[in-house]
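This is what each chain is made of:
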Amino acid sequence: MQLLTRNLRPWLQTLAGLSLCLLALHARAETATIAVAANFTEVAKQLRQAFEQQSTHMLKLSFGSTGKIYTQIMHGAPYDVFLSADQQRPQKLLQQDHAVADSQFTYAVGKLVLYSRDAKAQVIDGAILRNPTLKRLAMANPKTAPYGAAAQTVLNNLSLWPDLKSRIIQGDSIAQTYQFTFTGNVDAGFVALSQLAGQPNANYWLIPQDLYYPLNQDAVLLQNGEQNQAAIAFMAFLRSAQAQTLIGSFGYDTTPPPGTVSPITTAPSNSIKTGHQNR
């Protein structure tokens, strides 16, 4: 019996050591809450899956329009990382000490498209926008959604805003705008190219970049996440080749044009109809 005990003792010690290591590893695993601009919803879900497969950390995702998330952060929402659809809100958060210095970087450059669920609609070169039969056109709220601001810029540059502003149905975010368009509640809508991933036959016009400013989308580590190891690890993962390849597969560019900064533009609130999900 004593011999058996002596033989087992090294194995028991090794097992105990391994258990302590596993407990220590588990104790270091953390959860980060990531606030994500609505256009990046599906990509963020896949990034979370890839990140969690190679890390002990976990991520919680919260989606919304960039402007609304910014307001929530300013009012104390406990987010650790902000994946914005513009550069200005992360910069403002840095200036107001709500984000960690030197943590801001561009993780994606978005692309705007004019999309119609009707396969016969003439969307190429914006022909449908000049068609008098166009009754409803969807776009995101320019005050809170950078893709909505970009859509308004396109209409202004095409000299179509005065004629079309009364026919616009406004979504709270680019996600709601896509739902309006995908369900056929509007004739066409300005949405993100990434939202059409997996739809090879989608009827859309990829709007030329010279009609709107680049949609440089920046990430920033928030003060709430400064000591959160999951948040720090995720910010590093976003810069990895694996993450950049995944982001690119949804139609985003991953390198912003040199010297570009996306301005925040807004439209008069009384010139746009507000849409509803069941409209």
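Given the structure is predicted, the values throughout are model-derived calculations rather than measurements.

Student: Hey, could you go over the overall build of the chain for me, with residue numbers and the actual values?
Tutor: Within the chain, the secondary structure is distributed over nine helices and eleven strands. For the chain, the residues scored as buried account for 49% of the 279 residues in total. At a minimum sequence separation of 6, the contacts of the chain that also span at least 24 residues come to 78%. Per element, the accessible surface of the chain, about 13,800 Å² overall, is 53% carbon and sulfur.

Student: Let's hear about the nonpolar core: which residues, and what values?
Tutor: Counting 65 residues, the largest nonpolar core has Phe40, Leu129 and Phe190 as its most contacted members. Counting residues in each nonpolar core, the second largest holds eleven residues, with Tyr70, Ile73, Tyr79 and Leu93 among its members.

Student: Lay out the confidence of the model for the chain in plain terms, naming residues and giving numbers.
Tutor: Residues of the chain with pLDDT of at least 70 account for 83%, and the chain-wide mean is 88. Note on residues 15-27: pLDDT is under 50 here. Beyond four places in sequence and across chains, it has one contact. Counted against residues more than four places away or in other chains, residues 264-279, with its pLDDT under 50, gives 42 contacts.

Student: How would you summarise helix 8 (residues 229-238) if you had to cite specific residues and measurements?
Tutor: When we look at burial in helix 8, the residues that qualify are Ala230, Ala231, Phe234, Met235, Phe237 and Leu238. Along the axis of helix 8, the buried residues cluster in a sector spanning 160°; they form a single face. One side-chain oxygen at the N-terminal end of helix 8 lies 2.9 Å from the backbone nitrogen of Ala230; it belongs to Asn228.

Student: Give a description of the environment of Asp118 that names residues and reports values.
Tutor: Following the sequence through the fold, Asp118 ends up in the loop between strand 5 (112-116) and strand 6 (137-140). You can call Asp118 partly exposed: its relative accessible area is 43%. Considering only alpha carbons, one finds Asp118 and Gly184, 66 residues apart in sequence, at a separation of 7.7 Å.

Student: Got a sec to walk through the sheet that holds strand 4 (residues 105-110)? Specific residues and values, please.
Tutor: The strand order across the open sheet built from five strands is 2-1-3-10-4, with neighbouring strands paired in mixed fashion. On the outer flanks of this sheet lie strand 2 (58-64) and strand 4, each paired with one strand and no other. Neighbouring strand axes in the sheet, compared pairwise and without regard to direction, differ in orientation by 20° on average. As judged from the three bridges shared by strand 1 (residues 31-37) and strand 3 (residues 81-83), these two strands associate in the parallel manner. Each residue of the ladder has a partner; that of Val36, found in strand 3, is Leu83.

Student: Got a sec to walk through the side chain of Thr66? Specific residues and values, please.
Tutor: Assignment of secondary structure puts Thr66 in helix 3 (residues 66-74). What makes Thr66 buried here is its relative accessible area of 1%. Residues in contact with Thr66, not counting those within four places in the same chain, are Ala37, Phe82, Ser84, Ala85, Asp86, Arg89, Thr144 and Pro146.

Student: Can you explain unusual backbone geometry? Please cite residues and give values.
Tutor: The general pattern is negative phi for most residues beyond glycine and trans for most peptide bonds. Not every positive phi belongs to a glycine, and Asp125 is a case in point at roughly 60°. With respect to the element layout, Asp125 can be found in the loop between strand 5 and strand 6.

Student: Give me the lowdown on the pairing of strand 5, citing residues and values where you can.
Tutor: Within strand 5, five of the five residues are buried, which leaves the element mostly enclosed by the surrounding structure. Alternating residues of strand 5 divide into Leu112, Leu114 and Ser116 and Val113 and Tyr115, and every residue in both groups is buried. Summarising the sheet, strand 5 and strand 8 (residues 188-192) pair through four bridges and their orientation is antiparallel. Considered in strand 8, the bridge of Leu114 is made with Phe190. With four bridges connecting them, strand 5 and strand 9 (residues 203-206) associate as antiparallel partners. What sits directly across from Val113, in strand 9, is Leu206.

Conventions used here
- Residues numbered from 1 in each chain as written.
- Predicted model: local features only at pLDDT ≥ 70, side-chain atom pairs only at ≥ 80, totals over all residues.
- Heavy atoms only, no water.
- Helix = DSSP H or I, 4+ residues; strand = E, 2+ residues; numbered from the N terminus.
- Buried < 20%, exposed > 50% of the residue type's maximum accessible area, 1.4 Å probe, protein only.
- Contact = heavy atoms within 4.5 Å.
- Areas by Shrake-Rupley, 256 points an atom, 1.4 Å probe, with all protein chains shown as cover.
- Core = buried A, V, L, I, M, F, W, Y, C linked by side-chain atoms within 4.5 Å.
- pLDDT = per-residue confidence, 0-100.
- Arc of directions from axis to C-beta.
- Polar contact = N/O pair within 3.5 Å; in protein donor to acceptor, adjacent residues only side chain to side chain.
- Pairing = 2+ DSSP bridges.
- Axes fitted to C-alpha atoms, helices over the stretch in contact; angles between N-to-C directions.

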